[in-house]
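Listed below are the residues making up each chain.
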Amino acid sequence: MSEESSGRGPIDAKVETALAIFFVVFSILFIWQSTKIPEPPRNISVGSGTFPIIVGTIMLGVSIALAWKRLREVAPRLFGRGVGEMTVVPLDDDDTGIRDWPAVWAVLGSFLALIVMLEPLGFVLTFALFLFGLSSFFSPGHWLRNLVTSLCFSLFFYYLFTQVLLQPLPNGILAPLF
Amino acid sequence: MESFSGILSGFAIALQPYYLMWALVGTAIGTAIGVLPGIGPSLAISLLLPFTYQLVDPVGAFILFGGIFYGAMYGGSTTSILINTPGESSSVITAIDGYQMARKGRAGAALATSAIGSFVAGTIATFLMMVLAQPLVDMALRFGPAEYFAVMVLALCSVTGIGGGQPMKAALCTLLGLVLGMVGIDITSGAIRFTFGIPTLFDGVGVVVAAIGLFAVGEVLVGLGNLRGQKQARFMDTGSLMMTREEWKRSAAPWLRGSAIGFVIGVLPGAGATIATFLSYGVEKRAAKRPEEFGKGAIEGVAGPEAANNGSAGGSLVPLLTLGIPGSATAAVMLAALQGYGINTGPLLLQKHPELVWGLIASLYIGNIMLLVLNLPLVGLWVKLLKVPEALLYPMILAFSVLGVYSLSRNVADLYIMFGIGVLGFLLRRYKYPLAPVILGLVLGPLLEKEFRRALIGSRGDWWVFVDRPLSATILATSAIVLVAPLIGYAWRRLRARPA
Amino acid sequence: MGMSRILRNALSAAAMAAALMSPVAASAQANYPAKAIELMVAFAPGGGVDLFGRTVAKVLTEEKIVNQRIQVFNKPGAGGELGMAEMAGPRKNDNHSLSAFALHVIYTPLTLGTPNSYKTLTPIAKIFSEYQMMVVRTESPIKSLKDVEAALRKDIGSLRFGGASLGNSDHIVVSKFAQLLGGDPTKVTYIAYSGGESNPAILGGHVDVGMGGLDLMDLVKAGKMRALAISSDKRLGGDFKDIPTFVEQGYDVVNQNWRGIFGPPGMSAEVVKYWRDAFTKMVETKSWKAELEKNQWSNSLETDTFVASLDREYDSSKKLLGQLGLLK
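Computed from a predicted model, the values in this text were never measured in an experiment. (Residues numbered from 1 in each chain as written. Chains lettered and ligands numbered in written order. Predicted model: local features only at pLDDT ≥ 70, side-chain atom pairs only at ≥ 80, totals over all residues. Heavy atoms only, no water.)

Student: I'd like to hear about the overall build of chain C, residue by residue, with values.
Tutor: Along chain C, the regular secondary structure elements total twelve helices and eleven strands. For chain C, the proportion of its 328 residues judged to be buried stands at 57%. Put simply, of all contacts in chain C between residues at least 6 apart along the chain, 78% involve residues at least 24 apart. Entry remark: accessible area of chain C is about 12,800 Å², with carbon and sulfur atoms responsible for 55%. (Helix = DSSP H or I, 4+ residues; strand = E, 2+ residues; numbered from the N terminus. Buried < 20%, exposed > 50% of the residue type's maximum accessible area, 1.4 Å probe, protein only. Contact = heavy atoms within 4.5 Å. Areas by Shrake-Rupley, 256 points an atom, 1.4 Å probe, with all protein chains shown as cover.)

Rendered as structure tokens:
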């Protein structure tokens, strides 16, 4: 890992700008959806669309202000005089930077796989596979430790929930075994 | 002194070995389920009911349930502090500073301050319940929709400082929370909003689902996204498990304030523990000498809300015992349990079954001591959890989150919602948008809107209803002061600074 | 789920074939249930349906009417729709799954527009009913149903009613009452509360007239509330013997909130019969009667006629909900 990639690169700055603009778009969509809420024929003084529209409008205002501020930072020439701040969030006590993007994609992918496979494969199998897979991705040298821990974790919680707490968990393809 | 002789007879009951045993069992079960994700005290009591009918008399059952109730409040903070995964909405706010303390090697102190704070609050709340039950319940009944609305406004105003130096971003996050809170069936009118026809969304986005997604999932992504090639562990070595002298000093006042706030809010059947914890956090941030430390591991931000959480548990027993009105889901299950024994709850409970009420109150005192004795040694054990290698710990946190959310509803769609909110939370966190306001909006929003509209339905559209009533007007005025006071203080400091 | 469902379907198909071929069909029923029964409650723990499901499981096991373990679990969400969907989907044809429901099997599809209803389940038996009570707090100037009528006749929106959510039994009773007086039920001032939240509102005078289940009796007995009427068709006994029904007072308002047991679609006829017999046996036991008494439930067992009465109720509810503007 080079030092450079530990900070915030140009993509990061773009994503931050995109997020600020996204909130503006989201507010508009939200207000549009709010206006489509049917008002029930009932004598309620404030209808079901009123609060969403108020909140949506305030959110639109706040998000425009944020996006404006952001755009002035990014492109001072286009949007009036720049405020002279840094183009990215200052790095002091930054504990949210990512140095290892492949790892993030791996986590998100395996997390999604865990959710998708939970009911078809059953609790014990998916949880053991997920834990073993992810931990071995990060510390391949300790695969045996990871395997044992994963199996113990899954079996322990399966037993605890189904036998002690009487909360059924999905059995999936192992159903004939249980 | 009616209550004095009452409590003496209560202790005479609760100190019998048989009931002591049930108190111990209850507190142990309560602590355990507090730590387990997705299993709350209400489910635990429901599961136990069939057995208790055969095993214990009503007094024993009530002592058992009281122990579970208090115990779960103790245990609930543990996962919040250690792995940033709140198990219920009332421990969401604990995660903010508690988890930061854990990362700085003060996990032991965070767990200790929440255990001792819970003890203090539990004891104070039980005492107040004993002496003030009747006047308090009379006050609680005066709370109509307008007053509840005012309380929600107060809660919202007092936590405005939660954003930590980014007021615009904090405002946006609060609004995002409000938006999330509007998803689902609108109880006031019966309309369905923003569900896109997906049945899972009809009941709205669960607070626990959102909190786990925002806090735990985001944390795991950041943690694992830096694990390979990192020079030092994200968790500093845990130092002393004990609280330092300074930490004691900083915790004491928040414990007391949190107890009081929690108890008062707990007595109101329509408010709930989560509001109490938010209010306490706001108050502590205002009272603190170094408010800038909040969000970075301020012990006051753990001590206050944890005390408030337990204080509200005690408070919610007041309407239950005096009127038979449950102040929380757990109290509702306890009520059903009593009815299952053929005991008529309601205002006559104390008159007809004094042994039950006083026995419970006495056993809550005893249970609190048991919980402290049980939990302080556990602190050392829990902290060892952080010694699990990070390559295993983070995947386990995710697995734990999935298990918790799934066992709450047995609904895979909730897991997808958690995933989506997790990704959103990751982005927000990365660009310095504070996360706690999202939960604040999600919790307060629906209540705020509901009570506001109820008040207007009741007044048939007369908007003066909010200021006509003295109680509601007073609370709203307090909110205004809370909101404006920092500005005045700021102006005052500027004025004084100028001549110097 | 694919594999296991195929397997399960294959097994049940094989069992059916065996039952058809064997000369004594009864033998297939003799060893039913072959494994633990899973009883689903489509609501969160602590509510009325949860209590119903757990009590049924307890009595059936204790009285040894069913010789297998009955495991109760909760699958809450969307007014019972998520539970109905689980029954109609993954648990289809499963003879070892049951579910506990209330009115929601009729109301949820109507008010939320969801796909599942009692029609996509196998109705087994209606077990008991609960009724609604109309109350005021003791300090209230309203002394009787006549006072309520007088106020509503003058101005249909003049009284604040408080009760459970819109379209719920509480709301239905108030609406039927308003309709009877010739008023438009959508003009009634009705404040919806969830759970027991309405009780403090009634006691604090934040609503004028309260609606709720029979558990309000505890507050009536304590002198905090006054009962105006009960929604049953006949006067109830015990604690309720002094409280007149709506009908007795000249208002034709009857409403029952029943609880029933449903199987998944495709449950075999023999198994349905097994459970109907089991419930018929259960309601006669002493311990079940004790539960009824304790919880203020009224026995209203219906087995073979259950489907027909569901159909009737569906039609009348659809009409009323349409008038209330709650149909989706």
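Student: Outline the packing of aromatic side chains, supporting the account with residue identities and numerical values.
Tutor: All chains considered together, the criterion is met by 41 aromatic pairs over all chains. Linked through ring pairs, Phe22, Phe23, Phe26 and Phe30 of chain A together with Phe194 and Tyr433 of chain B together constitute an aromatic cluster. The residue whose ring lies beneath lysine 169 of chain B is tyrosine 433 of chain B, and the NZ or CZ to ring-centre distance is 4.8 Å. For lysine 119 of chain C, the ring lying beneath its charged end belongs to tyrosine 314 of chain C, and the centroid distance is 3.8 Å. (Phe/Tyr/Trp six-rings, centres within 6.5 Å; stacked < 30°, edge-to-face > 60°. Lys NZ or Arg CZ within 6 Å of the ring centre and 35° of its normal.)

Student: Tell me what's going on with the sheet that holds strand β11 (residues 298-302) of chain C, and back it up with residues and numbers.
Tutor: Residues and elements named next belong to chain C. The six strands lie next to each other as β2-β1-β3-β10-β4-β11, forming an open sheet whose pairing is mixed. The open sheet has two edge strands, β2 (70-74) and β11, and neither has a second partner. The mean inter-strand angle of the sheet, taken between neighbouring strand axes irrespective of direction, is 20°. Sheet topology note: the strand β3 (residues 97-102)/strand β10 (residues 256-263) ladder contains four bridges and is antiparallel. When the bridges of β10 are listed, alanine 100 appears paired with isoleucine 261. Each of β4 (122-131), β10 and β11 touches helix α12 (residues 306-323); the most contacted strand, β4, lies at about 65° to it. (Pairing = 2+ DSSP bridges. Axes fitted to C-alpha atoms, helices over the stretch in contact; angles between N-to-C directions.)

Student: Explain the sheet that holds strand β8 (residues 209-212) of chain C to me, using residue names and the numbers behind them.
Tutor: All names here are of chain C. Read across the sheet, five strands follow the order β7-β6-β8-β5-β9 without closing on themselves; strand pairing throughout is mixed. Single-partner strands in this sheet number two, and they are β7 (189-192) and β9 (225-230). Here the average twist between neighbouring strands, direction ignored, is 30°. Inspection of the sheet shows strand β5 (residues 133-137) paired to β9 by five bridges, in the antiparallel sense. Considered in β9, the bridge of arginine 137 is made with methionine 225. Sitting on the sheet, helix α6 (residues 145-154) touches β5, β6 (160-163), β8 and β9, and the angle it makes with β9 is about 80°.

Student: Mind laying out the interface of chain A and chain C, listing which residues take part and the relevant values?
Tutor: Listed by partner, the interface residues are twelve residues for chain A and 17 residues for chain C. Interface area for chain A against chain C, summed over the two sides, is near 1,100 Å², with a carbon-plus-sulfur share of 51%. Our enumeration of links across chain A and chain C arrives at zero salt bridges. Inspection of the region where chain A meets chain C yields zero residue pairs in polar contact (both at pLDDT 80 or more). Here the residues of the side of chain A that touches chain C are counted per class, giving six nonpolar, four polar and two charged. (Buried area = accessible area lost by both parts, 1.4 Å probe. Salt bridge = Lys/Arg side-chain N within 4 Å of Asp/Glu carboxyl O. Polar contact = N/O pair within 3.5 Å; in protein donor to acceptor, adjacent residues only side chain to side chain. Nonpolar A, V, L, I, M, F, W, Y, C, P; charged D, E, K, R; others polar.)

Student: Account for the interface of chain B and chain A, naming residues and giving values.
Tutor: Listed by partner, the interface residues are 69 residues for chain B and 74 residues for chain A. In terms of surface lost to chain A, no three residues of chain B exceed Arg228, Arg430 and Tyr431 of chain B, which account for 12% of the buried area on that side. Joining chain B to chain A, the criterion identifies one salt bridge. A salt bridge links glutamate 16 of chain A to lysine 169 of chain B; the nearest nitrogen and oxygen atoms lie 3.9 Å apart. Here chain B is connected to chain A by six residue pairs in polar contact (both at pLDDT 80 or more). Among the secondary structure elements, those contributing two or more residues to the side of chain B that touches chain A are α3 (41-55), α8 (167-181), α9 (207-224), α16 (390-409), α17 (412-430) and α18 (436-458) of chain B. Here the side of chain B that touches chain A is composed, by residue class, of 48 nonpolar, seven polar and 14 charged.

Student: A description of the domain arrangement of chain C should follow, citing residues and the corresponding values.
Tutor: All names here are of chain C. Split by domain assignment, chain C resolves into domain 1 (21-130 + 258-323) and domain 2 (133-254). Measuring from the centre of the C-alpha atoms in domain 1 to the corresponding centre in domain 2 gives 29 Å. Every contact between the two is made by seven residues of domain 1 and, on the other side, eleven residues of domain 2. When the area that domain 1 buries against domain 2 is broken down by residue, the three leading residues are Gln296, Leu320 and Gln323, summing to 65%. At the junction of domain 1 with domain 2, the criterion picks out zero salt bridges. Our enumeration of links across domain 1 and domain 2 arrives at one residue pair in polar contact (both at pLDDT 80 or more). Broken down by element, the residue count for the side of domain 1 that touches domain 2 peaks at three residues, all from α12. In the side of domain 1 that touches domain 2, the residues fall into four nonpolar, three polar and no charged. (Domains from an automatic or database assignment.)

Student: Lay out the packing of helix α10 (residues 245-267) of chain B against helix α11 (residues 273-287) of chain B in plain terms, naming residues and giving numbers.
Tutor: All names here are of chain B. The N-to-C vectors of α10 and α11 enclose an angle of 145°; their axes lie 9 Å apart at closest approach. Once α10 is placed against α11, the crossing between them reads as right-handed. Only Ile275, Ala276, Leu279, Ser280, Val283, Glu284 and Ala287 of α11 make contact with α10, whose side of the interface consists of Pro254, Arg257, Gly258, Ile261, Gly262 and Ile265. Split by residue class, the contact of α10 with α11 holds eight nonpolar, three polar and two charged. (Left-handed = near helix turned anticlockwise from the far one by under 90°.)

Student: Would you mind going over the packing of α16 of chain B against α17 of chain B in detail, with residue names and values included?
Tutor: All names here are of chain B. Put simply, α16 and α17 touch, their axes get as near as 8 Å, and they point 140° apart. As summarised for this structure, α16 and α17 are arranged oblique, according to the angle between their axes. Taken as a pair, α16 and α17 cross one another with a handedness that is right-handed. Contacts between α16 and α17 involve Ser401, Val402, Val405, Tyr406 and Ser409 from the first element and Val412, Asp414, Leu415 and Met418 from the second. Residue classes in the contact of α16 with α17 are distributed as six nonpolar, two polar and one charged. (Parallel < 35°, antiparallel > 145°, perpendicular 65-115°, else oblique.)

Student: So what's going on with the pairing of β8 of chain C? Residues and values would help.
Tutor: Residues and elements named next belong to chain C. Alternating positions in β8 separate into two faces, Val209 and Met211 on one and Gly210 and Gly212 on the other, with burial throughout. Strand direction decides the pairing type here: β5 and β8, joined by three bridges, are antiparallel. Counterpart to valine 135 in the pairing with β8 is glycine 210. Here β6 runs beside β8; their pairing, made up of two bridges, is parallel. Bridging from a neighbouring strand, glycine 162 pairs with glycine 210 of β8.

Student: Can you tell me about the nonpolar core, naming the residues and giving the values?
Tutor: Residues Tyr433 of chain B together with Met133 of chain C are the most contacted members of the largest nonpolar core, which totals 238 residues. It is helix α6 (residues 107-141) of chain B that contributes the most residues to this core, 17 residues altogether. With 83 residues, the next largest nonpolar core counts Leu103, Val148, Tyr274 and Leu320 of chain C among its residues. (Core = buried A, V, L, I, M, F, W, Y, C linked by side-chain atoms within 4.5 Å.)

Student: Got a sec to walk through the pattern of salt bridges? Specific residues and values, please.
Tutor: Under the criterion given, the structure shown has 33 salt bridges over all chains. The partner of arginine 429 of chain B in a salt bridge is glutamate 219 of chain B, with the nearest N and O atoms 3.0 Å apart. Taken together, the positions of arginine 429 of chain B in helix α17 and glutamate 219 of chain B in helix α9 put the pair 210 residues apart, joining distant regions of the chain. For arginine 429 of chain B, a relative accessible area of 13% corresponds to the buried category. Relative accessible area serves as the criterion here: at 2%, glutamate 219 of chain B is assigned to the buried category. Glutamate 284 of chain C is the partner of lysine 289 of chain C in a salt bridge, and the nearest nitrogen-oxygen pair spans 3.7 Å. Each of the salt bridges in this network shares a partner with another, and the network as a whole consists of Glu246, Arg250, Arg290, Glu293 and Glu300 of chain B.

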